[in-house]
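Each chain, written out:
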Amino acid sequence: MLLRDPPDHTRLRGLVAKAFTARRVEEMRPQIEKIVDGLLDALASRGKMDVIEDFSHKLPVIVICDMLGIPEEDREQFLSGYRVSGRAIDPTPMTKAELDQVNANILAGRAYFAKLFERRRKEPGDDLTSALLQVQDEKDGRLSEDELFANISLLFAAGHETTSNLIGNGLLALHRNPDQWDKLVADPSLAASAVEELLRYDSSVQLTSRKASVDVEIGGQQIKRGDEVICLLGAGNRDPEAYENAEKLDITRKNVRPLSFGGGIHTCLGAQLARLEGEIAFRALATRLPNMRLADMDNPQWKPTITLRRLEHLMAAW
Ligand code: HEM
């Protein structure tokens, strides 16, 4: 879906778009609140956590596993340790070792999803995988095996890594600007507005790209048909012409329109879901762990990826 033009793009996106409308996503609120509470219940008495490993990664993995009908007993491999290799979507060439690693991950993913497809064909559920398998099995076969695999793995990967980064980067930004964390603690109903500002302030996806299908001029630059263009979403989010004090974090800022979800026909399909997960997560953290302190705030461990901006670890104590 992400790499196709219409009409293929329209067909592939149309098959899953229903599950991501604002109304359908809002219906998931109680279920997501339950997941967040369950995670924090298990962590609260420990007095410390790695925000990335223990919380921000687990929440969106559980949500997307539920949506895709991945059975509970298969989830451990995705909940602990498993990471999408962000290098594959960086605009710089990979080394042979990185390429081998990415290929190995894709093959392992393909093997897992083949088993899942087999299971969901036998035992269909109320999930996206079962729905897509049904489309594939219809007579006119509007979804090939490759498309099925590619789009289920896209949903799986896009559905968690980015949202995990929103929570990790966002929590770090709030603690580096303690007046903003204090504001959220004093009024957790600011969580939805905080999410928009955090998406803008430290975008978990820093860039997207396009290939021009016609000659075009943008901002005085000639772009020829076939040229590839990299759009720096993170930089656009801090455009001083679009925002007053663009470098300042302000969770009560009005009219924030982050570019972090891209735009046009490929605009992020999961944007509403990511926003809802972020809102519920920040509200719960500010309510339940108001005295949380973060370690290594001056020298956090960023991963060396370009497109995805993400922390390796983020240690917190309370
Ligand atoms: C903070 C979290 C997220 C961010 C920052 C993000 C960002 C993006 C960006 C930048 C794109 C490319 C848009 C473009 O090129 O114009 C994209 C596409 C996409 N995202 Fe997200 N995403 C997030 C969460 C999610 C979630 C939770 C899901 C699904 C469960 C998801 C599913 C997708 C899909 C399927 C596409 C491809 C859409 C298309 O090509 O039509 N994303 N996302």
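In the block above lies the structure referred to throughout.
Residues numbered from 1 in each chain as written. Predicted model: local features only at pLDDT ≥ 70, side-chain atom pairs only at ≥ 80, totals over all residues. Heavy atoms only, no water.

## Brief notes about the coordination of the iron atom of the ligand
In an ideal tetrahedron of four donors about a metal, each angle is 109.5 degrees. In an ideal octahedron of six donors, the angles are 90 or 180 degrees. No other protein atom reaches the iron atom of the ligand as a donor apart from Cys268 (SG), found 2.3 Å away. Tracing the sequence through the fold places Cys268 in the loop between helix H12 (233-236) and helix H13 (271-288). (Donors = N, O, S within 2.8 Å, 3.2 Å for Na, K, Ca; no water. Helix = DSSP H or I, 4+ residues; strand = E, 2+ residues; numbered from the N terminus.)

## Notes on the sheet that holds strand S9 (residues 315-317)
Strand order in this open sheet of three strands is S1-S9-S6, and the pairing throughout is antiparallel. Looking at which strands have only one partner, the edges of the open sheet turn out to be strand S1 (48-50) and strand S6 (293-294). (Pairing = 2+ DSSP bridges.)

## Some points on the pattern of salt bridges
Tallying each qualifying case throughout the model produces 24 salt bridges. Ionic pairing is found between Asp146 and Arg110, a salt bridge with its closest N-O pair at 2.9 Å. Residue Asp146 is found in helix H9 (residues 145-176), and its partner Arg110 is found in helix H7 (residues 96-122); the two are separated by 36 residues along the sequence. Arg110 sits in the partly exposed class, given a relative accessible area of 32%. Across the pair Arg120 and Asp127 runs a salt bridge, and its minimum N-O distance is 3.6 Å. Here Arg120 matches Asp127 in class, with each residue buried. When salt bridges that share partners are traced, they join Glu26, Arg29, Glu279 and Arg283 into one network. (Salt bridge = Lys/Arg side-chain N within 4 Å of Asp/Glu carboxyl O. Buried < 20%, exposed > 50% of the residue type's maximum accessible area, 1.4 Å probe, protein only.)

## Here's the deal with the site of the ligand
Taken together, the neighbourhood of the ligand is formed by 31 residues, with His9, Thr208, Arg210, His266 and Cys268 sitting nearest. The contact in question runs from an oxygen atom of the ligand to an N or O atom on the side chain of His9, over 2.6 Å. Gly263 places a main-chain nitrogen or oxygen 3.0 Å from an oxygen atom of the ligand. Looking at the shell around the ligand, the element that brings in the most residues is H9, giving seven residues. Counted by class, the shell around the ligand contains 17 nonpolar, 12 polar and two charged residues. (Near = heavy atom within 4 Å. Polar contact = N/O pair within 3.5 Å; in protein donor to acceptor, adjacent residues only side chain to side chain. Nonpolar A, V, L, I, M, F, W, Y, C, P; charged D, E, K, R; others polar.)

## Details of helix H1 (residues 8-17)
Buried residues of H1: His9, Leu12, Arg13, Leu15 and Val16, and no others. Seen end-on, H1 carries its buried residues on one side only, within an arc spanning 150 degrees. Buried residues belonging to H1 abut helix H8 (128-137) and H9. (Arc of directions from axis to C-beta. Contact = heavy atoms within 4.5 Å.)

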